[in-house]
Amino acid sequence: MISPDKAASLLDELVYERVYSCIDLGELSRFATELMSAIDECGVPEAEVTAMAKDMVMRALTRIRDEVEQHGPLEPASAPFGDDCPLCIDLLQREQAAASRERKASKVRTS
């Protein structure tokens, strides 16, 4: 049997890995590269381009974290096969996140 501290540590690592896997890091990296190119084309000194792009991406990630904190716990409205089905809950959460990203992208396109 493992200690409560070890169990908590393992659970924390598992949650981190699952959340991390929900983030499309390849797409984020591609966007950061596009952003650096755009910043460079604006005439920003080359030595500042990477830091400026990183700062902008980090501010956006912070805003996302703040929105999650502001709207309370992430709970599915209703899982398709019941609230006790982890796979159903995960699927519903992914669909809700995709819909939320699309709404935000739509706002940006219309602004």
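For the structure itself, consult the block above.
The structure displayed is predicted, hence computed values, not measured ones.

### Digging into the nonpolar core
Link 1 in the chain: Grouped together as the largest cluster of nonpolar side chains are six residues: Leu35, Ile39, Val44, Val49, Ala53 and Val57.
Link 2 in the chain: Sorting the residues of this core by element identifies α2 (25-41) and α3 (46-70) as the ones contributing at least two each.
Link 3 in the chain: With three residues, the top contributor of residues to this core is α3.
Link 4 in the chain: With near-sequence residues (within four places) excluded, leucine 35 lies in contact with Ala53, Met56 and Val57.

### Observations concerning the pattern of salt bridges
Link 1 in the chain: One pass over the structure, following the stated rule, counts three salt bridges.
Link 2 in the chain: Residue arginine 30 is joined to glutamate 27 by a salt bridge in which the shortest nitrogen-to-oxygen separation is 3.4 Å. Here arginine 30 and its partner glutamate 27 are both found in helix α2, three residues apart, which amounts to about one turn of the helix.
Link 3 in the chain: Take arginine 30: its relative accessible area is 47%, and that puts it in the partly exposed class.
Link 4 in the chain: The exposure class of glutamate 27 is partly exposed, given its relative accessible area of 40%.

### A closer look at the packing of α2 against α3
When two helices pack together, their arrangement is captured by the angle between the axes and the distance separating the axes.
Link 1 in the chain: Packing of α2 against α3 leaves a shortest axis separation of 9 Å and a crossing angle of 130 degrees. One finds that α2 runs oblique with respect to α3. α2 and α3 meet at a crossing whose hand is right-handed. Between α2 and α3, the residues in contact are Leu28, Phe31, Ala32, Leu35, Met36, Ile39 and Asp40 and Val49, Thr50, Met52, Ala53, Met56 and Val57, respectively.
Link 2 in the chain: Tallied by class, the residues present in the contact of α2 with α3 amount to 11 nonpolar, one polar and one charged.

Rules behind the numbers
Every chain's residues receive numbers from 1 upward, in the order its sequence appears when written. Residue-level local features of this predicted model are given only where pLDDT is at least 70; pairs of side-chain atoms are given and counted only at 80 or more, and the full residue set underlies all totals for whole chains, interfaces and linings. Hydrogens and water are ignored here; the side-chain numbers use all heavy atoms of the structure. Side-chain atoms within 4.5 Å are what join buried Ala, Val, Leu, Ile, Met, Phe, Trp, Tyr and Cys residues into a set we call a nonpolar core. Buried means the residue's accessible area, taken with a 1.4 Å probe over protein chains only, is under 20% of the maximum for its type, while exposed means over 50%, and partly exposed covers the values in between. We count a stretch as a helix when DSSP gives it H or I for four or more residues in a row; a strand needs E for two or more, and each element gets its number in order from the N terminus. What makes two residues a contact is simply this: any of their non-hydrogen atoms within 4.5 Å. A side-chain nitrogen of Lys or Arg and a carboxyl oxygen of Asp or Glu constitute a salt bridge if their distance falls within 4 Å. Whenever a helix is involved, its axis is fitted only over the stretch in contact; in every case the axis is a line through C-alpha atoms, and angles between N-to-C directions fall within 0 to 180 degrees. For classification purposes, an angle smaller than 35 degrees is called roughly parallel, one larger than 145 roughly antiparallel, one from 65 to 115 roughly perpendicular, and anything else oblique. With the far helix as reference, a near helix turned anticlockwise by less than a right angle produces a left-handed crossing, and one turned clockwise produces a right-handed crossing. Put simply, Ala, Val, Leu, Ile, Met, Phe, Trp, Tyr, Cys and Pro go in the nonpolar bin, Asp, Glu, Lys and Arg in the charged bin, and everything else, Gly too, in the polar bin.

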